[in-house]
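One-letter residues, chain by chain:
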Amino acid sequence: MAKKGDYFGLGYIVSVILAIIPITSWICGIITRFSEGKIVAGIIRIFFGFNIIWICDLVLMIISKHILRLLPV
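Residues numbered from 1 in each chain as written. Predicted model: local features only at pLDDT ≥ 70, side-chain atom pairs only at ≥ 80, totals over all residues. Heavy atoms only, no water.

Caption draft 1: Geometry of the nonpolar core. With eight residues, the main nonpolar core is built from Y7, V16, L18, A19, C28, L58, M61 and I67. Where this core is concerned, the elements lending two or more residues are α1 (12-20) and α4 (52-64). Beyond its immediate sequence surroundings of up to four residues, M61 is in contact with D6, Y7, Y12, S15, V16, A19, H66 and I67. (Core = buried A, V, L, I, M, F, W, Y, C linked by side-chain atoms within 4.5 Å. Buried < 20%, exposed > 50% of the residue type's maximum accessible area, 1.4 Å probe, protein only. Helix = DSSP H or I, 4+ residues; strand = E, 2+ residues; numbered from the N terminus. Contact = heavy atoms within 4.5 Å.)

Caption draft 2: Summary view of the environment of N51. With respect to the helices and strands, the residue N51 is situated in the loop between α3 (39-48) and α4. Counting along the chain gives 37 residues from N51 to V14, while the straight-line C-alpha distance between them is 21 Å.

Caption draft 3: Layout of the environment of G49. Here G49 is to be found in the loop between α3 and α4. What makes G49 buried here is its relative accessible area of 4%. Considering only alpha carbons, one finds G49 and P22, 27 residues apart in sequence, at a separation of 9.3 Å.

Caption draft 4: Summary view of helix α2 (residues 22-35). With 14 residues, α2 extends 20 Å from end C-alpha to end C-alpha; this agrees with the ideal 20 Å at 1.5 Å per step. Among the residues of α2, those classed as buried are S25, C28, G29, I30, T32 and R33. Looking at the buried residues of α2, the elements they touch are α1, α3 and α4. Positive backbone phi, at 85°, marks G37, one or two positions downstream of α2. (Expected span 1.5 Å × (residues − 1).)

This is the structure in structure tokens:
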């Protein structure tokens, strides 16, 4: 069975492809955090998710198959 990635339960390869593209990574990261009920983390991703958080998401998605959890609450 294929391992699931972090974006919407999609496959790992699809999630990595979405993480590579900056715009989709930003949008998927925001939607993922809001769908988890993490409103503050979603708002942080709106303002800061397009630069440093994108690079961290990309590296972590490749290494650990999960996006950055800035606020794990």
